[in-house]
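Observations on the three-dimensional arrangement
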Amino acid sequence: MQEGMGLILIELCDYNLLAPQHLEKIAAHPEVAVMSYDCLNICGMCSMRPFAIVNGQRIFAPTVEECVEKIEQKVNEEIEKLA
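If you're wondering where the values come from, they're calculated on a predicted model, not measured in any experiment.

Cut-off values and rules
Residues numbered from 1 in each chain as written. Predicted model: local features only at pLDDT ≥ 70, side-chain atom pairs only at ≥ 80, totals over all residues. Heavy atoms only, no water. Helix = DSSP H or I, 4+ residues; strand = E, 2+ residues; numbered from the N terminus. Buried < 20%, exposed > 50% of the residue type's maximum accessible area, 1.4 Å probe, protein only. Contact = heavy atoms within 4.5 Å. Pairing = 2+ DSSP bridges. Axes fitted to C-alpha atoms, helices over the stretch in contact; angles between N-to-C directions. Core = buried A, V, L, I, M, F, W, Y, C linked by side-chain atoms within 4.5 Å.

Some words on unusual backbone geometry
Even without being a glycine, Asn55 presents a positive backbone phi close to 50 degrees. Residue position: Asn55 is located in the loop between strand E3 (51-54) and strand E4 (57-60).

Brief notes about the side chain of Glu78
Mapping Glu78 onto the fold places it in helix H3 (residues 64-82). A residue is classified by how much of its surface remains accessible, and Glu78, at 11% relative accessible area, is buried. Setting aside chain neighbours within four positions, we find Glu78 in contact with Ile8 and Asn55.

A short note on the sheet that holds strand E1 (residues 8-13)
The 4 strands are arranged E2-E1-E3-E4 in an open sheet whose pairing can be described as mixed. At either end of the open sheet lies a strand with only one pairing partner, and these are strand E2 (32-37) and E4. When the angles between neighbouring strand axes are averaged without regard to direction, this sheet yields 25 degrees. Inspection of the sheet shows E1 paired to E3 by 2 bridges, in the antiparallel sense. Among the inter-strand pairings, Glu11 is bridged to a residue of E3, identified as Ile53. In this fold H3 packs onto E1, E2, E3 and E4, with an angle of close to 145 degrees to the strand it touches most, E4.

Overview of the nonpolar core
One recurring pattern in soluble globular proteins: nonpolar side chains tend to sit buried together. Formed by 18 residues in total, the largest nonpolar core has its most connected members in Ile10, Leu18, Leu23, Ile26, Ile71 and Val75. The set of elements that each furnish at least two residues to this core consists of E1, helix H1 (24-27), E2, E3 and H3. By residue number, the principal contributor to this core is H3, which donates 5 residues. Ile26 has contacts with Ile10, Val32, Val68, Ile71, Glu72 and Val75, leaving out every residue within four places of it along the chain. Within the second largest apolar cluster, 7 residues are counted, among which are Cys13, Met45, Phe51 and Ile53.

And the structure:
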């Protein structure tokens, strides 16, 4: 899934517990692009807990719901920086 201009890039690993579908609300922002890759070369992270990389910063949490909340918070911080 890729939407928006991509000023804020969210990267996911295909083997992650966190899937692009979990980020549909966040990806609706025109500034956000969600990219899913076969592997992000963070060996083992995808099997341990849900995670994403938001503008180069790793965001993770014990559950998908908590991870989505943290990603949304980081995206909002990044949007504020753009304003």
